[in-house]
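Here's the letter readout for the chains.
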Amino acid sequence: MTSDFPTPAAPDGGAESAAVLDGNAAAGEFSGILASDPTNVSVRCGSCGVAQAFGQLQAYMGGPGTVLRCRECAAMVARVARTPRGTWLDISGSSSWLFSPTPGLA
């Protein structure tokens, strides 16, 4: 079985990975999908259970997609990729995303 979703970047700095940035670098890519500012989101890693702000995740960009990894265990938490078929979002590596209320909105 083949997948249209690209392989996640390697956390060990392998040849297929790009420079590691913090999650803030990936905010633009994710905000277009989430219709919300992801920098106000707390993400819980599905592997080790650590909750961390979106900006604290490790962002691997510059490949065929954007991959977010847990800062504690380096597990893939989320990834997004744009292909000719559409935009793919995979958050299967996380157990929850907590969206904080936007100040001033009721």
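All figures in this text were calculated on a predicted structure; none of them were measured in a lab.

What counts as what
- Residues numbered from 1 in each chain as written.
- Predicted model: local features only at pLDDT ≥ 70, side-chain atom pairs only at ≥ 80, totals over all residues.
- Heavy atoms only, no water.
- Buried < 20%, exposed > 50% of the residue type's maximum accessible area, 1.4 Å probe, protein only.
- Helix = DSSP H or I, 4+ residues; strand = E, 2+ residues; numbered from the N terminus.
- Pairing = 2+ DSSP bridges.
- Contact = heavy atoms within 4.5 Å.
- Salt bridge = Lys/Arg side-chain N within 4 Å of Asp/Glu carboxyl O.
- Core = buried A, V, L, I, M, F, W, Y, C linked by side-chain atoms within 4.5 Å.
- pLDDT = per-residue confidence, 0-100.

### Let's talk about the pairing of strand β6 (residues 76-83)
Extensive coverage of β6 is indicated by the burial of 6 of its 8 residues. As paired strands, β6 and strand β7 (residues 86-90) are joined by 5 bridges and run antiparallel to one another. The partner of Val-80 across the bridge, within β7, is Leu-89. Counted between consecutive antiparallel strands, the loop separating β6 from β7 contains 2 residues.

### Quick word on the environment of Gln-58
By the secondary structure assignment, Gln-58 is in strand β4 (residues 58-60). Among the residues examined, Gln-58 registers a relative accessible area of 23% and is labelled partly exposed. Leave out the neighbours within four places in its chain, and Gln-58 touches Val-20, Leu-21, Val-67, Leu-68, Arg-69, Cys-70 and Arg-71.

### Considerations on the pattern of salt bridges
If you walk through the whole model with that rule in mind, you get 3 salt bridges. For the salt bridge of Glu-29 with Arg-82, the shortest nitrogen-to-oxygen distance reads 2.8 Å. Of the two residues, Glu-29 sits in helix α1 (residues 27-34) while Arg-82 sits in strand β6, which places them 53 residues apart along the sequence. The partly exposed category is assigned to Glu-29, whose relative accessible area is 25%. Between Arg-79 and Asp-90 there is a salt bridge whose closest N-O contact spans 2.9 Å. Of the two residues, Arg-79 sits in strand β6 while Asp-90 sits in strand β7, which places them 11 residues apart along the sequence. Given the relative accessible area of 13%, Asp-90 is considered buried.

### Observations concerning the nonpolar core
Nonpolar side chains in soluble globular proteins tend to be buried together. Phe-30, Val-43, Phe-54, Leu-68 and Trp-97 are the most contacted members of the largest nonpolar core, which has 16 residues in total. Of all the secondary structure elements, the ones that give two or more residues to this core are α1, β2 (41-45) and β6. Non-local contacts of Trp-97, meaning those with residues more than four positions away in its chain, are made with Phe-30, Leu-34, Val-41, Ser-42, Val-43, Phe-54, Ala-78 and Ile-91.

### Focus on the confidence of the model for the protein
Caution applies to low-pLDDT parts of the model: their predicted coordinates are not meant to be read in detail. On average, residues of the protein carry a pLDDT of 82, and 78% of them reach 70 or more. Of all the helices and strands in the protein, α1 carries the lowest mean pLDDT, 81, while strand β3 (residues 51-53) carries the highest, 97. Below pLDDT 50 for its whole length, residues 1-9 participates in 23 contacts with residues either more than four positions away or in separate chains.

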